[in-house]
Amino acid sequence: MTAAAGLGAVGLAAALLVGGSSSVVTAVAGVVAGLLAVVSLFVAAVRTSPPPPSSSWRWLAGGAITWLAGVGLRPIAEGTPFVLTFADVLLLVGTLLLAIGCGVSVERPAYGRSLLHYVSSAYISAASLFAICWVVLLAPAYAKAEEPSTLALPVVCLLTTCAVVPAVLAARSRGRRAGMAGLTVLVAITVGELATAVGRLTVGGTPPLIAGMLAPVAFLLLAATPWASRDCAKPVRSTPSAVVDGAPLALAGIAAVVLVVRVLAGRPDDPVAVLPIVAGSVVVVLLARVFVLALETASMRGTVESGERRLIHFAESAGDVVLVCDLDGVIREMGSGVEALYGYPPQELVGDSILDYVHSEDAPAVQAALRAMTAEEESSGDRQGACVVSCRVRAADGTWRPAESVATRHPHEGEDLVLISTRDVSDQVALRNQVAHLTFHDGVTGLPNRAYFEERTREVLARRGAGRTAVVFVDLDGFTGVNDSVGHASGDYLLSQAARRLRAAVRADDTLARWGGDEFAVLLESGSSGGSGASASSGTADAQTAIDLAERLVRAVSSEPFRVADRDIALTASVGVAFAEDGVPAGDLIRNADVAMARAKELGGRRVEVFAAHMHADVVRRLELAADLQRALLANQFAVEYQPVVDLATSRVTAVEALVRWCRGSMFVPPQQFLGAAEDTGLIVPLSEWILREACREVANWRASSWDIGLSLNLSSRQITAPRFVETVEAALAESGLPASALTLEVIEEMLVEDAEEIINRLSELRALGVRLAIDDFGTGYASLALLRRLPVDMIKIDPSFVSGLGRDETLTLLTRTIVRLGHDLGLIVVAEGIERPEQLELLREMGCTRGQGYLVARPMAAKGVDSLMRTSLSPLQNTA
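Residues numbered from 1 in each chain as written. Predicted model: local features only at pLDDT ≥ 70, side-chain atom pairs only at ≥ 80, totals over all residues. Heavy atoms only, no water.

*Asks:* How do you make sense of the side chain of His359 when you look at a structure like this?
*Replies:* Considering the arrangement of structural elements, one finds His359 in the loop between α12 (346-349) and α13 (363-380). For His359, the contacting residues outside a window of four places in its chain are Arg392 and Trp400. (Helix = DSSP H or I, 4+ residues; strand = E, 2+ residues; numbered from the N terminus. Contact = heavy atoms within 4.5 Å.)

*Asks:* Just checking my understanding: could you explain the environment of Thr184 for this structure?
*Replies:* Within the secondary structure, Thr184 sits in helix α7 (residues 176-202). Considering only alpha carbons, one finds Thr184 and Leu221, 37 residues apart in sequence, at a separation of 8.6 Å.

*Asks:* I keep staring at the sheet that holds strand β8 (residues 519-525) and nothing clicks. Help me out?
*Replies:* Within a sheet, neighbouring strands are paired by backbone hydrogen bonds and run either parallel or antiparallel to one another. Judged by pairing direction, the sheet is mixed, and its 5 strands sit side by side in the order β7-β8-β6-β11-β12 without closing on themselves. For this open sheet the edge positions go to β7 (511-516) and β12 (607-610), each flanked by a neighbour on one side alone. Strand-to-strand twist of the sheet, defined as the mean angle between neighbouring strand axes without regard to direction, takes the value 20°. Note that strand β6 (residues 469-477) and β8 share 7 bridges and pair antiparallel. Paired with Val474 across the strands is Phe520, a residue of β8. Relative to β7, helix α17 (residues 488-505) is tilted by about 155°, and along the sheet it contacts β6, β7 and β8. (Pairing = 2+ DSSP bridges. Axes fitted to C-alpha atoms, helices over the stretch in contact; angles between N-to-C directions.)

*Asks:* Looking at this structure, how should I read empty space enclosed by the protein?
*Replies:* Take a probe with the size of a water molecule and roll it over the atoms, and the empty space left behind shows itself. Considering all chains together, one arrives at 3 cavities of 30 Å³ or more under this definition. Along the wall of the largest cavity there are 24 residues; nearest its centre are Leu323, Ile354, Val358, Ser405 and Thr422. Breaking the lining of the largest cavity down by element, the ones donating at least two residues are β1 (321-326), β2 (331-334), α11 (337-342), α13, β3 (386-394), β4 (400-412) and β5 (415-424). Partitioned by chemical class, the residues of the lining of the largest cavity number 21 nonpolar, 2 polar and 1 charged. (1 Å grid on protein atoms, 1.4 Å probe; cavity = no way out; pocket = protein on both sides within 12 Å on 5 of 7 lines; lining within 4 Å. Points joined across faces, edges and corners; volume = space filled by probe spheres on them. Nonpolar A, V, L, I, M, F, W, Y, C, P; charged D, E, K, R; others polar.)

*Asks:* What is the right way to read the pattern of salt bridges from this model?
*Replies:* Pairing between side chains of opposite charge can happen when the charged atoms of each approach one another. Applying the stated criterion across every chain yields a total of 28 salt bridges. In this structure, Arg401 and Asp397 form a salt bridge, with 3.8 Å as the shortest nitrogen-oxygen distance. Given the relative accessible area of 53%, Asp397 is considered exposed. Linking Lys601 and Asp475 is a salt bridge whose minimum nitrogen-to-oxygen distance equals 2.3 Å. Placement of Lys601 in helix α19 (residues 586-602) and of Asp475 in strand β6 is noted, with a sequence separation of 126 residues between them. Accessibility expressed as a relative area gives 37% for Lys601, which makes it partly exposed. A residue is classified by how much of its surface remains accessible, and Asp475, at 4% relative accessible area, is buried. (Salt bridge = Lys/Arg side-chain N within 4 Å of Asp/Glu carboxyl O. Buried < 20%, exposed > 50% of the residue type's maximum accessible area, 1.4 Å probe, protein only.)

In structure tokens, the structure reads:
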């Protein structure tokens, strides 16, 4: 169809080239364009689906065919004596049908303007445009014309076009494309008919050719529209409503300016009294529109005020207190419900601040809510902001009652106010507290229940980590027969008595709970959590405290009979105790105490048993591991890997750190799983001697190949305090030929605190041999800076926990920078451990850190890997950074 429209355009050009009178050429062009539009629109109505609705194509096609008939008959009708010919009537009907098609193609907004608004806007626009055309074109033509011609057709076309324009421009539906195409045709017809009317007045009844060609060209565009836009998936953007609504008033203003210029220019009077009629009608329409708008505004204001009154009445009938205050919290209006709910007369509160009646702890939240509403208005202009605030309100009797308030912005007479609806939630809060109490407390004894005890145990273990925490389980021996003899009610009474005795026996900061049935549990939080440096005597004291408490619990139950149902019932107690260890789950700790209690009950009751199964399992595991370690030493299952240490400034490998690896058959055993056992069993001494000899031999071979490289080794506390340790190091250096200055021995800060004198003496002897010393994991907080003065240290190694936070944690970054500066001030080499990200490397370089190691630099590797590194002179930093 687009090609057919192009052929139609060629046909119009051919008609112009053939020539002839303007009426004939216009008729031929109109027939060609109209036929194409009719065929295209009818086909579109059959083949296309909404949107746009197919009915709009039918209306547009009907208008086109009617207009086509009028154009075809116009040359014949021009010779008739009638002012308005039957051809003009067909053109007029065709124009109306086209307008209907434009209106049908678009969807009316859900909340559009009233019909009066559209009609008045259309009339004002049409009248203003007509007045402008009359002054500029029509009046001079009428003054010169011998036979005045009718303007009915262009006036009706103008009114029809102005009536359709707002609906089409304001539409958001996809059918707006069809409406715009039809509107283009209407505008072309209106301009063409107006030009035809002017031509008839000035050119002896013959309209200009260009005027007659506007409509055919517009019809060609209409014919192509259904096919050019059928694949468009998105709706076109609508014209802003402010532009659509303001256009009629803008046209009226322009018309007024034209009339003023006409009067000031002293133009002659019009041959027909048109302007007074048009101007008067526009004024009347504007006055009517203002009047209707005033009525609508008054009605809307009344509706809003009525809605506010109903809202306040509804809120107060629901038990809420409604008040209006300004953004500073000063009360402007107060609802009558405040007297019934809080005991205040409403008029006495007007002028006071709401903060005077809000609890001091809750006042900051109320102030923040008011400030937030003010900030929201300043930033976004949103006057519908609302917030919910929970606070406590003081009643007239001095009590504080919990309340929930909803604050809503409430513009009133040009002032920003806040409408607050407050509801007393005392009953709801009390109910929530009661539900929470029943959820975590036993209904018979009033003690915390099993759920609370489990949660509390998890919290304590998570906070303390381990050690010094114990769980004690208590079972009432012989209680099963109580319910059978005196009934369950009396049994519950006995349980409540037992709970009171147990509560008196435990300390105030211990947690006593009813576990279930006749079992009770006690969580003993004895002292503060013990770290790795906790002394054995402190642990023994805590264990004795738990055992003493368990014995008191046995005596509390067994000391005297319980008086129940006018009889004395003697009971005893079986008590089990379990102590926490590092990493033990709360469930396992509670289970261990329960197992110990069951063991005490099996042994006859009225006794205390301490859970020992975990200690036995630990001893067995350590013995087995020690045996495996011994066999591994004999079978040479250990290997040494080396992690390069590089100069961060030059990216040169300066040393390697020797790390032990254990391949237990086909399984790799992590060092943290066997080094502790090796330390406890003393096997760490022969293992460390083997690592020392092996590493010294390898590094000496590399140095013999003209590679200046050093060796770092970690020392354990038992290794340093072992007999002939210094001689062992001296012998390893002599056997391998490694210079003492190439060996750096590392100790952790914790070792410098425990047995400090002996450790420092041994390290000083090593220093006298020429061996370098380093403090590993520096900054973890164990060593005092005073030790750096007593111990001749050459190097400090920053703990990986500090390096991991570089670039992410400002505190860790600052601490790392401080350690680097401290090392420089003391003349020490600073090595950063655990470098894993490029940004860590860059920050360490910027801080001036001397050396570094980590996965980003190079992972630990076997001796063959170091050989390859040495032969290729490959820099790990250059490959990874």
